[in-house]
Amino acid sequence: MHSENPQTSDAVQTHLLRLVDDDSSFDEMVHALHSNPERVAAELLKLELEGLVVAQPGLRWRSL
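The text that follows walks through the structure, step by step, so that each part is easy to find.

Quick notes on the rules
- Residues numbered from 1 in each chain as written.
- Predicted model: local features only at pLDDT ≥ 70, side-chain atom pairs only at ≥ 80, totals over all residues.
- Heavy atoms only, no water.
- Pairing = 2+ DSSP bridges.
- Helix = DSSP H or I, 4+ residues; strand = E, 2+ residues; numbered from the N terminus.
- Phe/Tyr/Trp six-rings, centres within 6.5 Å; stacked < 30°, edge-to-face > 60°.
- Buried < 20%, exposed > 50% of the residue type's maximum accessible area, 1.4 Å probe, protein only.
- Arc of directions from axis to C-beta.
- Contact = heavy atoms within 4.5 Å.
- Polar contact = N/O pair within 3.5 Å; in protein donor to acceptor, adjacent residues only side chain to side chain.

In this structure, strand β1 (residues 53–56) lies alongside strand β2 (residues 60–63), joined through four bridges in antiparallel fashion. In the strand pairing of β2, Gln56 is matched with Arg60. Here β1 hands over to β2 after three residues, with Gly58 in that stretch at a positive phi of 80°.

Pasting the structure below:
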């Protein structure tokens, strides 16, 4: 099966956690991951639901 994005969710989440720790903005995360905003938002939501990050004002997140 061909996938549009070869990165696995785990790899994306690991990279996202690093970006959160670097205090990256949402737009910076989208750019750094070479992804689309919907995918990044979905991955951030997964991290929130897993209790790994918390949303902050201004489309920023903080690691827990």
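Once the structure has been displayed, the description carries forward.
Time to look at the packing of aromatic side chains. Taken as a whole and judged by the stated rule, the model has one aromatic pair. Centroid distance Phe26 to Trp61: 6.0 Å. Interplanar angle 40°. Geometry classified as tilted. With Phe26 in helix α2 (residues 26–33) and Trp61 in strand β2, this pair connects stretches of sequence that are 35 residues apart. No difference in accessibility class separates Phe26 from Trp61, as the two residues are buried.

The next subject is unusual backbone geometry. In this model, Asp23 sits at a positive phi of 60°, which is unusual for a non-glycine residue. Looking at the element boundaries, Asp23 is found in the loop between α1 (9–21) and α2. By relative accessible area, Asp23 is classed as partly exposed at 47%. Notably, His34 is not glycine yet its phi reads approximately 50°, a positive angle. Tracing the chain through its elements places His34 in the loop between α2 and α3 (37–49).

Turning next to α2. Residues of α2 that are buried include every one of Phe26, Met29, Val30 and Leu33, and no others. Buried residues of α2, viewed axially, fall in a sector of 100°; they line one side. Away from its buried face, by an angle of more than 90 degrees, α2 presents the exposed residues Asp27 and His31. At its buried positions, α2 is contacted by α1, α3 and β2. Immediately downstream of α2, the backbone of His34 shows phi near 50°, a positive value.

As for its placement among the helices and strands, Glu43 is situated in helix α3. Here Glu43 falls in the buried class, since its relative accessible area comes to 3%. At 2.9 Å, the side chain of Glu43 and the side chain of Ser9 are in polar contact. Residue contacts for Glu43: discarding those within four places in its chain leaves Ser9, Val12, Gln13 and Leu16.

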